[in-house]
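Below are the chains, spelled out letter by letter.
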Amino acid sequence: MPAHAYLCAMDAHAPLIDPFARPITYLRVSVTDRCDFRCTYCMAEHMQFLPKRDLLTLEELDRLCSAFVGLGVRKLRVTGGEPLVRRNIMEFFRAMSRHLGAGLDELTLTTNGSQLARFATELADCGVRRVNVSLDTLDEDRFARITRWGRLPQVLQGIEAAKAAGMRVKINTVALKGFNEDELFRLVGWCADQGHDLTFIEVMPMGEMGEEERLDQYWALSDLRDRLGERFTLTPLAERTGGPARYVRLDETGQKIGFITPLTHNFCESCNRVRITCTGELFMCLGQEDRADLRAPLRAGAEDAPLRAAIRDAIARKPKGHDFDYSRQHVAGQVSRYMSHTGG
Ligand code: SAM
Ligand code: SF4
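Residues numbered from 1 in each chain as written. Chains lettered and ligands numbered in written order. Predicted model: local features only at pLDDT ≥ 70, side-chain atom pairs only at ≥ 80, totals over all residues. Heavy atoms only, no water.

Colleague: Give me the overall build of the chain: which residues, what numbers.
Modeller: Tallying secondary structure elements over the chain gives twelve helices and twelve strands in all. Contacts spanning at least 24 positions in sequence make up 73% of the contacts within the chain whose residues lie at least 6 apart. For the chain, the accessible area works out to roughly 15000 Å², and carbon and sulfur atoms hold 51% of it. (Helix = DSSP H or I, 4+ residues; strand = E, 2+ residues; numbered from the N terminus. Contact = heavy atoms within 4.5 Å. Areas by Shrake-Rupley, 256 points an atom, 1.4 Å probe, with all protein chains shown as cover.)

Colleague: Give a description of the sheet that holds strand 7 (residues 234-236) that names residues and reports values.
Modeller: Strand order in the open sheet formed by twelve strands is 7-8-9-6-5-4-3-2-1-10-11-12, with mixed pairing between adjacent strands. Each edge of the open sheet is held by one strand with a lone partner, namely strand 7 and strand 12 (291-293). Neighbour-to-neighbour, the strand axes of the sheet open up by a mean angle of 25°, direction not taken into account. By the bridge criterion, three bridges tie strand 7 to strand 8 (residues 245-250) in an arrangement that is antiparallel. Within strand 8, the position partnered with Leu-234 by the bridge is Leu-250. Contacts from helix 6 (residues 152-164) reach strand 4 (130-134) and strand 5 (168-175) within the one sheet, and its direction differs from that of strand 5 by about 145°. Seen against the sheet, helix 9 (residues 221-231) touches strand 5, strand 6 (197-202), strand 7, strand 8 and strand 9 (256-260) and runs at an angle of roughly 160° to strand 9. (Pairing = 2+ DSSP bridges. Axes fitted to C-alpha atoms, helices over the stretch in contact; angles between N-to-C directions.)

Colleague: Kindly report on the site of ligand 2, identifying the contributing residues and their values.
Modeller: Residues in contact with ligand 2, as listed here, are Cys-35, Phe-37, Arg-38, Cys-39, Cys-42, Met-43, Gly-81 and Asn-112. The class makeup of the residues in the shell around ligand 2 is five nonpolar, two polar and one charged. (Near = heavy atom within 4 Å. Nonpolar A, V, L, I, M, F, W, Y, C, P; charged D, E, K, R; others polar.)

Colleague: Residue-level account of the nonpolar core, with values.
Modeller: Among the nonpolar cores identified, the biggest contains 97 residues, and Phe-68, Phe-92, Phe-93 and Leu-123 are the most heavily contacted of them. Per-element accounting of this core gives the leading share, seven residues, to helix 2 (residues 58-70). If we skip the residues at most four places from it in the chain, Phe-92 touches Val-29, Val-31, Leu-58, Leu-61, Asp-62, Cys-65 and Val-78. (Core = buried A, V, L, I, M, F, W, Y, C linked by side-chain atoms within 4.5 Å. Buried < 20%, exposed > 50% of the residue type's maximum accessible area, 1.4 Å probe, protein only.)

Colleague: I'd love a proper account of the pairing of strand 5, names of residues and values included.
Modeller: Of all eight residues in strand 5, seven are buried, a share of seventy percent or more. Of the pairings in the sheet, the one linking strand 4 to strand 5 comprises five bridges and is parallel in character. Across the sheet, residue Arg-130 finds its bridge partner in strand 5, namely Arg-168. For strand 5 and strand 6, the ladder comprises six bridges, and the chain directions are parallel. Bridged to Asn-172 within strand 6 is Thr-199.

Colleague: Lay out the environment of Arg-312 with the relevant residues and their values.
Modeller: Relative to the helices and strands, Arg-312 is located in helix 11 (residues 305-315). Each C-alpha atom of the pair Arg-312 and Pro-15 lies 9.5 Å from the other, and the pair is 297 residues apart in sequence.

Colleague: Could you give me a rundown of the site of ligand 1, with the residues and numbers involved?
Modeller: Close to ligand 1 lie 19 residues; Tyr-41, Gly-81, Thr-110, Ser-134 and Met-204 are nearest. A distance of 3.2 Å separates an oxygen atom of ligand 1 from a polar backbone atom of Thr-111. Taking Ser-134, its side chain carries an N or O atom lying 2.5 Å from an oxygen atom of ligand 1. Protein chains shield 96% of the accessible area of ligand 1, which is 540 Å² for the free molecule. When its residues are assigned to classes, the shell around ligand 1 shows seven nonpolar, nine polar and three charged. (Polar contact = N/O pair within 3.5 Å; in protein donor to acceptor, adjacent residues only side chain to side chain.)

As structure tokens, then:
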């Protein structure tokens, strides 16, 4: 091979490094903006969803994600909306599983759990070892209230099925003032009994929710952590996922608790991730509006070089971090799109 051709071939697969020297090794892909729940902090009750024709097909999602794997992405998280309501989504998981051990270290998903009972075995069969399930309360009435359309027993069955299929379950709980404050120890105790990891998340200003309502629901994790410390000994863990979570071990139970604190302390400096929406927009930061259209280069032809070039151009613009801020009793850094659009 001539020297210049060799260099080009090397360049084509050089890892993605952003302007702040952060390697981009983690991709989250939203496979649908639709959902069978309407969580109050995530969606409006009457959402306008994208026309189906705007969505990438499963084949296009495959090509796009495979391009990222070819560029050094080692972890792929499938999300949404609710990923398991996308038609034939198991075909996509099956297709992605071919990258496991061949570039990809982990294939996983974030789900509300409603369809897990149906899909757990197949997911495990596709090499999914861990699943994040969002669950903010263990109280049936509250669950119906916060999700508007969800039913707790269905989700608990889904979690059971995931466990039975051999997957490790991590519960994601959005900390909501006046909503699940009094359930802190119940949630922690339940996760300890069930052997689930648990991560708390601060509510972020995304979507059209009014400022007052958003501030009303915000429960700072610094406070949650202090309350945990009143009953448990918290030992900080060095473990880093390259993400925004920080972990502690509760000495008394041995369980691991995570904290995602975009408001009280952001960890953007170690960010290793980007997100693609179901229409093929690449968001370089969850909390910023800048995006890159990958659908056009994807649909321009069968050749991947223009797609890779568009990805590299976008990564070269990855911002330093988000600007979310609720201090001074005011919501700053708000982004207008819903979390379900970018994929949480
Ligand atoms: N439907 C799936 C689910 O609920 O797990 C995946 C998509 S959902 C958008 C991903 C995560 O984002 C969930 O854990 C959800 O609780 C979280 N989320 C949604 N809106 C949020 C917000 N405004 N602030 C913080 N987390 C939010
Ligand atoms: Fe749906 Fe997940 Fe958003 Fe709830 S948090 S409305 S389950 S996308």
